[in-house]
Amino acid sequence: MDTKEKRFESDIENSMLTQGGFTKGDLKTYDREKAIDLPKLIAFVEKTQPKQWERYKRNYGTDAEKKFYKRFQESIDTFGLLYVLRHGFEDRGAKIEIVAFKENNNRSQKVIDDYNSNIVTCTRQFKYSAQNENSIDMVLSVNGIPLVALELKNQLTGQSIANAKKQFMYDRNPRELCFQFDKRFLVYFAVDLNEIAMTTRLAGKDTFFLPFNQGTNGAGEVGGAGNPENPNGYTTSYLWEKVLTRDNLLELIHKFIQRVEEEKILYKNGTETKKKSVKLIFPRYHQLDVVNKLVADVKANGSGKNYLIQHSAGSGKSNSIAWLAYELSELHDQNDKPVFTSIIVINDRTVLDRQIQNTIFSFDHIKGMVEKIDDEKHSSDLKDAINDGKKIIITTLQKFPYIYDEINDTTDKRFAVIVDEAHSSQSGKTAGKLKAALADTEEALREFAEIEGREEQEIKDEEDKLVEQMLTHGKHKNLSFFAFTATPKEATLEVFGVKLPNGKFRAFHIYSMRQAIEEGFILDVLKNYMTYKNCYRIAKNTPGNPELPASQALKAIQRYESLHPHNLQQKTAIIVETFRSVTKNKINGNAKAMVVTASRLHAIRYYHEFKRYLERKGYHDLEILVAFSGIVKDGEKEYTEEGINKRKDGTRVKESQLPAEFHKDEYAMLIVAEKYQTGFDEPLLHTMFVDKKLKGVKAVQTLSRLNRTCSGKTDTFVLDFVNTAEEIKEAFEPYFECTELDQEINVNLIYDTRTMLRSYGLYNEEDIEKLLKIFYKKSPQNDTDLGKMAGVLTPVINRYKALPEDKRFDYKKLIHNFNKWYSYIIQISRMFDMSLQKEFHFTQYLEKMLPPATDEKPVDLEDKLRLEFYKLEQTFKGDISLNPTVEASTLVNPKTLKTSGKGMDKDELLDVIIDKINEKYLGFFLESDRVVVEQLYNRCVKYNDKIKMQARKNDEEVFNRSIFPEIFKKVAQECYMEQMKAFSKLFEDKIFYNSVMESMAAEAYKDLRNR
């Protein structure tokens, strides 16, 4: 057996020459100085463009070849090689093409002959330099231009892919013409017997290689980093057998490799500079694989199928979507007709995803081919784009409800809908409007007519809105959905997934979180995790012992504790000091942190507490921003995000400016409340402080804000005050490798639900018909119609109010289930049940008008409680990363309906409720854990008549700085003499003393002025 590297090289060459479509290359006419085999390029031009070449010779005579090279190189220096390969160049009236590409819908003999005239060669031991005799193991050239370089290594001779990378990094001079960026070679592959890596730019020691592996179980399957075994040959043979065949190489040049120009705004020492960069994007293997497999399946089956793509963060989803959109837009069937009229790229967010939009727009496209309907455009623009047959349309899902009934006849029109971040809303009412806009319902009409035993035209004439809506149910031959998500839910899997022989549903193509982590495209956010537990004891601060609704009181107590100044102070101290000791030193000193809070009020309180703490400690190197929606009232003050966030020069940070502002080196921490927990991409985000309960998909999406990679970022850190390590690990498990759904939903459960609804006797058929008669009347709406509809529902609502409270809870749960499930079921199946459709329309409006099941006001315990003891205990520190599993994680569709609501809130004595809370948050408390704030506040403020007059006579600054400190000092000393252990910390820690005094002064002034 010959185990030398030359044999590996020879085997690859043999495959490429015999099966890959290449011809054997040589260097006889290759010019090392010019880095081109010019005679081959001119031979291609002469054969495919004889008239243009004649014109060239007529223009330049004997200098034609010299001028040809000069203009060729000038064009490359201006636009880059990739552009010239695709578009050629012009010179004094001569339009020269450098490569002949296949056209999807052009079968002319000239196009075929030109394509076959491309000179595509494979050359071994390619000596490239005019300075030395160094050689590249193998080079692939097109029409004399070297485009792909391969360094091959063989572990059997003691070398591996690492040696190939080093060779590219240290033995190939990036200044040589053939290695200059986008001048000759477009991609460099390092290959050994087991693995492949690639790069598109040589930069010496800074050259950055990406893995180009399939994954341990093959592309599109669940696995980790690496490649599957190949019983029929080399493990890495997919590179030369699938990726770099003659046809595929020309396709990659034509459609996949992209030159992208980016402009980044950099901030250093308060100065803003713009940095432009250019990069070539070569698809990673899973991206190439998913696009090719999807296109092949559509070509084989036509439109009408749904596809779920479960690709992790870090998978390059935006690029995959862009390539897919362009491939589908140019896809033709066997009769040379376009498979799709339009490709519509949508996402869930109200504001269009800028990354998707910019990526699709930056990829090469014909002018006018792409129409973006962003937040600056209206639904009418979407309607026009669809009606005009724009080839690629980028928009949001939320625009469809406004135009679904204004789309022109969709008969014989076919649409590919690419869904970015597909979640359960894709199976809801808004997604239904999308289908109503785009679906060709002729097939559904024939099916309905057959079931009814009537003529299609008769149904069209007699029925209107209700039948139209029913005809949009289920799947349609003219609609194909391509749904991308990293975290599929049950509905997503059933609506878009592939049904397996065992009845389960799973994604069409998978690139797992595990593989993305192992390949280094994202970081493992579970590797450095720390959890704390809140231990506290609540005491009653009232002589009475009222009976209260237990669950409401429980929430009120927990809210009281979570917003208590002492709690926020303790956590703020831990957050800031952890940031300074851990985060500040990461990513070359540029790392940022996010604080995830439980509510908008929590975010505001945290913000002010941070500001106070930073001022007290004299920390001037940490600036913070806060993000929340709308107006939040805290006491008498109202806050908005824009009102709080101010720059050093006093200008306000607008909501739309916040992500870019946070990226500046001035800001290092962002406090959020239900914002930026999904879809926020800031690579410098290293640390997350979590003070909010996170469950399931929400936990994965929130913590995944940290996983983006960037230069200098080697790890992440999470400090969690609320969730346990076990809970977080459980949330991540379904999405680490592969997510499946156990079985399809039982659609007949909807009938059981309706029967249960009817059993309450709140409405009947007559009520339904009355409401629908008004709603679907053919004449225009008048000024009494809305009142009449409400009038139909009023008696039903009165009957509902007469139900016992527990029955009202149950009924609200039941009607909500009925509406939610029916919206879901009709995305999967055509029910063709008119009575069910009518009932759904009726119950939709009824649910909106039903009053709460209970009219109890929220429980207010603010003045009846006292936080007696408090401490934070660290409960876990370490790695909670997941391990590979043998089986996929399986989500479960419900088998029966939950028919009862949350039930009545039973009344309990306040003492009993407090005891339950204290038992849950029990800790071993020392006297030093006693919370002294309330005792001090009562003696300083509540039971001190003189201070009220001082607050009214003086402004806030005089009160806080001159009057209150003396009162506080006197009371604190009295308390210390009475309870030395409890109050010793106050006098041992000056910063703590000032912190308590300052926050108490601010609260006292506000409290006393408002009395």
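Right, let's walk through the structure included here. (Residues numbered from 1 in each chain as written. Predicted model: local features only at pLDDT ≥ 70, side-chain atom pairs only at ≥ 80, totals over all residues. Heavy atoms only, no water.)

Turning our attention to the overall build of the chain. Looking only at helices and strands, the chain features 37 helices and 33 strands. Dimensions of the chain, computed from the C-alpha atoms along their principal axes, are close to 105 × 80 × 60 Å. By residue count, 53% of the 1011 residues in the chain fall in the buried class. For the chain, the proportion of contacts with a sequence separation of at least 24, taken over those separated by at least 6, is 75%. Of the accessible surface of the chain, which amounts to about 46500 Å², a share of 48% is contributed by carbon and sulfur atoms. Positive and negative side-chain charges of the chain, numbering 153 and 154 respectively, have mean locations separated by a distance of 3 Å. (Helix = DSSP H or I, 4+ residues; strand = E, 2+ residues; numbered from the N terminus. Buried < 20%, exposed > 50% of the residue type's maximum accessible area, 1.4 Å probe, protein only. Contact = heavy atoms within 4.5 Å. Areas by Shrake-Rupley, 256 points an atom, 1.4 Å probe, with all protein chains shown as cover. Lys, Arg positive; Asp, Glu negative; His and termini not counted. Charge placed at Lys NZ, Arg CZ, Asp CG, Glu CD.)

Moving on, we come to the sheet that holds strand β8 (residues 196-199). Across a sheet, paired strands are connected by hydrogen bonds in the backbone, their directions being either parallel or antiparallel. Ordered in space as β1-β4-β5-β6-β7-β8-β9, the seven strands form an open sheet in which the pairing is mixed. The outermost strands of the open sheet, each flanked by one partner alone, are β1 (23-24) and β9 (210-211). Bridge count for strand β7 (residues 187-191) against β8 is four bridges, and the pairing is antiparallel. By the bridge assignment, Tyr 188 is partnered in β8 with Thr 199. (Pairing = 2+ DSSP bridges.)

Strand order in this open sheet of seven strands is β14-β15-β13-β16-β17-β12-β20, and the pairing throughout is parallel. Strand pairing shows two members of the sheet lacking a second neighbour, β14 (370-372) and β20 (509-511), which therefore form its edges. Between one strand axis and the next, the sheet turns through 15° on average, direction left out of account. Relative to strand β15 (residues 392-396), β14 runs parallel, the two being bridged by three bridges. Bridge pairing in β15 links Val 370 to Ile 392. Against the sheet, helix α11 (residues 317-329) makes contact with β13 (342-347), β14, β15, β16 (415-420) and β17 (479-485), and its axis sits at roughly 180° relative to β16, the strand it touches most. Strand contacts of helix α13 (residues 379-387): β13, β14, β15 and β16, with the helix running at about 155° to β15, the strand carrying the most contacts. (Axes fitted to C-alpha atoms, helices over the stretch in contact; angles between N-to-C directions.)

This part is about α13. Among the residues of α13, Ser 379, Leu 382, Ala 385, Ile 386 and Asn 387 are the ones counted as buried. At the C-terminal side of α13, Gly 389 shows a positive phi close to 70°.

Of note, the phi angle at Arg 92 is positive, near 50°, even though the residue is not glycine. Structurally, the position occupied by Arg 92 is in the loop between β2 (89-91) and β3 (94-96). On the basis of relative accessible area, Arg 92 is assigned to the exposed category, the value being 53%. At Tyr 676, a position not held by glycine, the phi torsion is positive, near 65°. Inspection of the secondary structure assignment puts Tyr 676 in the loop between β27 (667-672) and β28 (685-691).

On to the state of the cysteines. Evaluation of the coordinates by the stated rule reveals zero disulfides. Lacking any disulfide linkage, Cys 178 is separated from the closest cysteine sulfur, that of Cys 122, by 17 Å. Residue classification places Cys 178 among the buried residues on the basis of a relative accessible area of 2%. The thiol of Cys 940 is unpaired, and the distance to the nearest cysteine sulfur, on Cys 975, comes to 7.5 Å. (Disulfide = S-S within 2.5 Å.)

Counting residues in each nonpolar core, the largest one holds 117 residues, and the members touching the most others are Phe 72, Phe 189, Leu 244, Leu 328 and Phe 482. For Leu 328, the contacting residues outside a window of four places in its chain are Val 295, Val 298, Phe 340, Ile 343, Ala 416, Ile 418 and Phe 482. Grouped together as the second largest cluster of nonpolar side chains are 79 residues, Ala 603, Met 669, Ile 671 and Ala 951 included. (Core = buried A, V, L, I, M, F, W, Y, C linked by side-chain atoms within 4.5 Å.)

Turning next to the packing of helix α29 (residues 785-801) against helix α31 (residues 834-849). In contact at an axis separation of 10 Å, α29 and α31 are set at 70° when each is read in the N-to-C sense. As judged from the angle between their axes, α29 and α31 are roughly perpendicular. Crossing of α29 against α31: the hand is right-handed. Here α29 contributes Met 789, Ala 790, Val 792, Leu 793, Val 796 and Ile 797 to the contact with α31, which in turn contributes Phe 842, Tyr 845, Leu 846 and Met 849. Its residues assigned to classes, the contact of α29 with α31 comprises ten nonpolar, no polar and no charged. (Parallel < 35°, antiparallel > 145°, perpendicular 65-115°, else oblique. Left-handed = near helix turned anticlockwise from the far one by under 90°. Nonpolar A, V, L, I, M, F, W, Y, C, P; charged D, E, K, R; others polar.)

Tracing the chain through its elements places Ser 75 in helix α4 (residues 64-79). In this structure, the C-alpha to C-alpha distance between Ser 75 and Gly 144, residues 69 residues apart in sequence, is 17 Å.

The next subject is the packing of aromatic side chains. For the coordinates displayed, the defined rule picks out 42 aromatic pairs. Both rings, one in Tyr 238 and one in Tyr 285, keep their centres 5.0 Å apart while their planes meet at 70°; by these two values the pair is edge-to-face. Of this pair, Tyr 238 sits in helix α8 (residues 238-243) while Tyr 285 sits in helix α10 (residues 285-301), and the two are 47 residues apart along the sequence. Overall, the relative accessible area of 3% leaves Tyr 238 in the buried class. Judged by its relative accessible area of 6%, Tyr 285 is buried. An angle of 45° between the planes, with centres 6.0 Å apart, marks the rings of Tyr 606 and Phe 610 as tilted. (Phe/Tyr/Trp six-rings, centres within 6.5 Å; stacked < 30°, edge-to-face > 60°.)

A side chain with one charge can pair with a side chain of the opposite charge if their charged atoms come near. Under the definition given, this model contains 66 salt bridges. A salt bridge links Glu 261 to Arg 259, with the nearest nitrogen and oxygen atoms 4.0 Å apart. With relative accessibility at 61%, the residue Glu 261 sits in the exposed group. You can call Arg 259 partly exposed: its relative accessible area is 26%. Between Glu 623 and Lys 611 there is a salt bridge, with its nearest N and O atoms 3.7 Å apart. (Salt bridge = Lys/Arg side-chain N within 4 Å of Asp/Glu carboxyl O.)

Everything listed here is a matter of coordinates, which is why it stays silent on function.
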